Amino acid sequence: MAESPFESVSDSAPQGFTLDFKRVLSRAIRFWYVVVIFLAATLAVAFYKNRYSKKVYTVSASVLIREVQETGGAELLYKNALIDPYRNYLNEPYIIKSFPLVEQVIRDLNFHLSFLQEGYVVTSEIYGTLPMRAIWCKPDESKSGQISFLMLDEHRFQLSDYPRDESAEAPVFHFGDSIHYQGFHLCIERVPGTKANGTIGVPLILLIQNPTSVAGSYIGRLEVKWAEVGAGIINLRLTGSLPDKEIDFLNALVATYRDLDLVKKNEAATRTVKFISRQLAEIKDSLRTVEFQLERFGNSSRVKDMSAEAQRLYTKLETFEIQKAELLIRQNYFSYVEEYLRGGAGELDQIILPSSMGITDPILTGVITRMVELQGEMKLYRSPEGVKNPLLTERMDQIGQLKKDVSEAVRTLRSTDAIKMNFLQKQLRDTERQLSLLPASERQLIGVQRNYALLENLYVFLMQKLSEASISEASNTSDIIPVNPAMRGSAIAPNPGQNYAIATAVGLLVPFVFFVLFEISNSKVQSKEDIDKMSSIPFLGGVGHNVSPGNLIVLERPKSGVAESFRAMRSNLNYFTGGKSRQVFMVSSSISGEGKTFTTINLSTVFALSGKKTLIVGADMRRPKIFEDFKRTNTVGLSTFLSGINQFDEVVQTTEIENLFLVSGGPVPPNPSELLMTDRFELFVRQALEQFDFVIIDTPPLALVTDAFIISKYVNHTVFVLRQNFSPKQFISSIDEYYRSGKIKSISVLLNDIYKSGLGYGYGQGYAYHYGYAYGYGYGKRKKEGQGYYED
């Protein structure tokens, strides 16, 4: 039923475009099968992902890094730099994830060699259950490729190119043999204690990868974090599809990291032992010679028989010689440092620290310590692919500057020691002049004793340092202590519940987005709500889809829903006219095909059937057609009256409907608009109102010609027809502008051809049931081509 126009009148401005979610929901319900198709597709994808995706597990371990080494014998006795190593704890996570360390683990475990088995859908790696394993024969090789592998029996296997060619003859090898195949040097051996029954005759793929690439893959999946701020425990977490393999990797990584820590701690002590041992070997030869000379004088007890003066001079010389021995040891260390620096910066972390040789100069010790720390950091930034790292370049520049600082510090210390040595030499010469006054036997004894004391002091000093270094090397233990061994966690992917939830959401969201985009892109009028949002013009009513073959639906099917809607429209028009007779109505639209002629005929019919004498005027003189529905002629009409050819009574034709009369457009004139602007049209309207209760004028579309604007000043009310899913929404704004500007004063909107109903369309299921709105074109059948359902 058409609604009261007063229910739709609004003084507010049009709202413009807003998305109607009810209409989107209605479209989704109508096209439910689209939603089902999308939902089935996304659920199928989720099922495939859950069924065939590799399960990803977490494997975790933890290690403790001791902040202070437990007290050992060497530390208790000597407390030197060999047993108090430096450690920057912030570097430890980076060291654990460094390429050299991880790649060493990969090579040790042969993880760059793996066996794969092809399935119907996916190819999976087999680990830990095969009766054989592959090992690199040349550890330095870094090639990659794939080889087909087939185990023939307990002792033999076959290799061939991948993919396997069954017709080609492949070479046969024995387990444990060194193999050279396709440029690869391999050794495939049996795993003791395993049975080969399930593997014999099963084709496998031997995958050979670059160890550096495999290391990069593990580094990307390895997570190393401190347990908490201030703690000494590091948590290691690794994700992978083979938990047993990842457990072996983490355990091997912790063990290798622990061994590396111990090697680094022993480096200083080991290098010191070698250095001191070389010095002692040189001193031993000289000491034996002096001892032989001393024996010629009997033994060292003859010193007691020397005179008091000789004894005093000997004691004085012994003191000077001890000081000279210390300076000589320092000079030897300085020479070692200068020679080491000239050898390049590649192994600067292996230099012997000054404190291990009793040199306590803080400047030299600090510079060398900093230089060793920087070299350790360089190892972290070094890329296995040879790519230059800006941080590596920066550290190299810093080490270059530190080398200059070390050389400068050594030169300064050499200069200081030279002054001390010159002073000692002067003291020794003075003492020797005094010795020259003694008897010859005493001078010879003191000379031999002097050389012996010098070499003995050097030997005792170096033996003390050698003992310290040896005790340090023997008592060192790694600061890396495993806390929790590698343990397997639960699977984190795929997550079936989450995947199905995402698939359901996507399956529902994608069609919904599609419907929303369709609604946004749809520029056609769909419902009364569209009209109310874009216009303040009163809404007259709605007319359903006509399923009859002709335009005379009210006459032919008076009990139909469409006929009832025109009766309701007649009642609503009384609100605008105040129930008065002698009224002129104009029916117009925005474009052709919206059903204004259909509306004019049936609205006029309901007025005529109510006993009102009604005149239909076909004012569309460019395309006169209305006479065809009443089976009348178009030889005379409005154009002949306005041209002065005929009088009013001569152009009025009767119809088969009682009280309904017709004035057709007449022959097409060359100037329709100019004819409507003459006084003859005003005379026509005046004469029509003298004879008829209602005059209903069918005009051309407003958007095409100006005829309707010319006629509008002679009418009491204008009915503007819009067609559902046909009329452009932009014309609602245009007609609203005419209404607000006063160009068309009394106007209402009629929505025609309503075949969509339900949510978002302003009409419930009852409306759709009443009128039986089906999809189609025309008067009961819609055209497959053209604009139509209505042709004006």
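Residues numbered from 1 in each chain as written. Predicted model: local features only at pLDDT ≥ 70, side-chain atom pairs only at ≥ 80, totals over all residues. Heavy atoms only, no water.

## Structural notes on the sheet that holds strand β10 (residues 203–208)
Next up, step 1: Across the sheet, which stays open at both edges, the six strands sit in the order β3-β2-β10-β5-β6-β7 with antiparallel pairing between neighbours. The two strands at the open ends of the sheet, each matched to only one other strand, are β3 (123–126) and β7 (172–174). Neighbour-to-neighbour, the strand axes of the sheet open up by a mean angle of 40°, direction not taken into account.
Next up, step 2: Relative to β10, strand β2 (residues 113–118) runs antiparallel, the two sharing four bridges. Across the sheet, Phe115 pairs through a bridge with Leu206, a residue of β10. (Pairing = 2+ DSSP bridges. Helix = DSSP H or I, 4+ residues; strand = E, 2+ residues; numbered from the N terminus. Axes fitted to C-alpha atoms, helices over the stretch in contact; angles between N-to-C directions.)

## What about unusual backbone geometry?
Across residues other than glycine, the phi torsion is negative in most instances, and most of the peptide bonds are trans.
Next up, step 1: At the junction of Tyr162 and Pro163, the peptide bond is cis and its omega measures out at 0° in the coordinates.
Next up, step 2: The residue Pro163 is located in the loop between β6 (156–161) and β7 in this model.
Next up, step 3: Even without a glycine there, the phi angle at Lys631 is positive, about 55°.
Next up, step 4: Here Lys631 is to be found in the loop between α17 (626–629) and α18 (638–642).
Next up, step 5: Look at Lys631 and you get exposed, because its relative accessible area is 72%.
Next up, step 6: In this structure, Asn659 is a non-glycine residue whose phi angle is positive, near 70°. (Buried < 20%, exposed > 50% of the residue type's maximum accessible area, 1.4 Å probe, protein only.)

## Re the nonpolar core
Next up, step 1: Judged by nonpolar contacts, the single largest core of 42 residues is most densely connected at Leu615, Leu638, Phe684 and Ile697.
Next up, step 2: Ignoring anything within four residues of it in the chain, the contact list for Leu615 reads Phe648, Val652, Phe661, Leu662, Val663, Ala688, Phe692, Phe694, Val695 and Ile696. (Core = buried A, V, L, I, M, F, W, Y, C linked by side-chain atoms within 4.5 Å. Contact = heavy atoms within 4.5 Å.)

## Brief notes about the packing of aromatic side chains
Next up, step 1: The full count for this structure, using the stated rule, is 27 aromatic pairs.
Next up, step 2: Centroid distance Phe115 to Phe149: 5.2 Å. Interplanar angle 65°. Geometry classified as edge-to-face. Separated by 34 residues along the polypeptide, Phe115 in strand β2 and Phe149 in strand β5 (residues 145–151) bring together distant segments of the chain. Each member of the pair, Phe115 as well as Phe149, is classed as buried.
Next up, step 3: Aromatic side chains Phe641 and Phe648 sit 6.4 Å apart centroid to centroid with 85° between the ring planes, which places their arrangement in the edge-to-face category. Residue Phe641 shares its accessibility class with Phe648, and that shared class is buried.
Next up, step 4: Connected via pairs of aromatic rings, a cluster forms that spans Phe115, Phe149, Phe157, Phe173, Phe175 and Tyr181. (Phe/Tyr/Trp six-rings, centres within 6.5 Å; stacked < 30°, edge-to-face > 60°.)

No statement about biological role is implied by the geometric values presented.
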